[in-house]
Amino acid sequence: MRKTTTFALLAASAAMLAGCGSSGLLNRDRPDEFAVQRQAPLVIPPDFSLTPPAPGAPRPAEGSASEQALDVLFGGPAARSQVETSALDRAGRAMPGIRSAVGDPQTNTVAKGRVTQDIVAAPEGDGQAAQAVIPS
């Protein structure tokens, strides 16, 4: 009886452990849930002499999800208002590739002062040995 129980527990635990594997019969290609994009509603075209698109070709009026995200984040070719253009002219416009040039070693930086240097140069730790000096 004791051997049967031990064997049954060993077989059950081996079966459960085998379910954790990622190869074999249960290994399949899963769709990427972040690559799914919303489709535009169907519209009847005004000109019926158009040739139908090739199967699987992207829609000509839409971009991919990544292109739409870039347009939302960094703005597209939208026209600026007169007030916005005037404000940008007075403030001075940034270079077009400013985000790429920020990490360049030739980029000049501004000294932020001794306090900032002390904060950046502080040793790592959990703060157990930290001390505060209160000037009187």
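Here the structure is a predicted model, which is why all the values come from computation and not from measurement.

Our next topic: the overall build of the chain. Of the regular secondary structure elements, the chain holds 5 helices and 0 strands. Moving toward the C terminus, one meets the helices and strands of the chain in the order α-α-α-α-α. Out of the 136 residues belonging to the chain, those deemed buried represent 0%. With the model as given, the accessible surface of the chain reaches about 13,800 Å², and the carbon-plus-sulfur share is 61%.

Let us look at a nonpolar patch on the surface. Among the surface-exposed residues, L70, L73 and F74 lie close enough to one another that they form a single nonpolar patch of about 340 Å² accessible area. In this fold, L70 is placed in helix α2 (residues 65-74).

Mean pLDDT over the chain works out to 76, with 82% of the residues at or above the 70 mark. Across the chain, element-level confidence peaks in helix α1 (residues 2-18) with a mean pLDDT of 87 and bottoms out in helix α4 (residues 98-101) with 68.

With that settled, consider helix α3 (residues 82-91). Counting buried positions along α3 gives 0 out of 10 residues, so the element sits mostly on the surface. Just downstream of α3 lies G92, where phi reads positive at about 90°.

About the criteria used
- Residues numbered from 1 in each chain as written.
- Predicted model: local features only at pLDDT ≥ 70, side-chain atom pairs only at ≥ 80, totals over all residues.
- Heavy atoms only, no water.
- Helix = DSSP H or I, 4+ residues; strand = E, 2+ residues; numbered from the N terminus.
- Buried < 20%, exposed > 50% of the residue type's maximum accessible area, 1.4 Å probe, protein only.
- Areas by Shrake-Rupley, 256 points an atom, 1.4 Å probe, with all protein chains shown as cover.
- Patch = residues over 30% accessible without salt bridge, like charges linked within 9 Å, V, L, I, M, F, W, Y side chains within 5 Å.
- Salt bridge = Lys/Arg side-chain N within 4 Å of Asp/Glu carboxyl O.
- pLDDT = per-residue confidence, 0-100.

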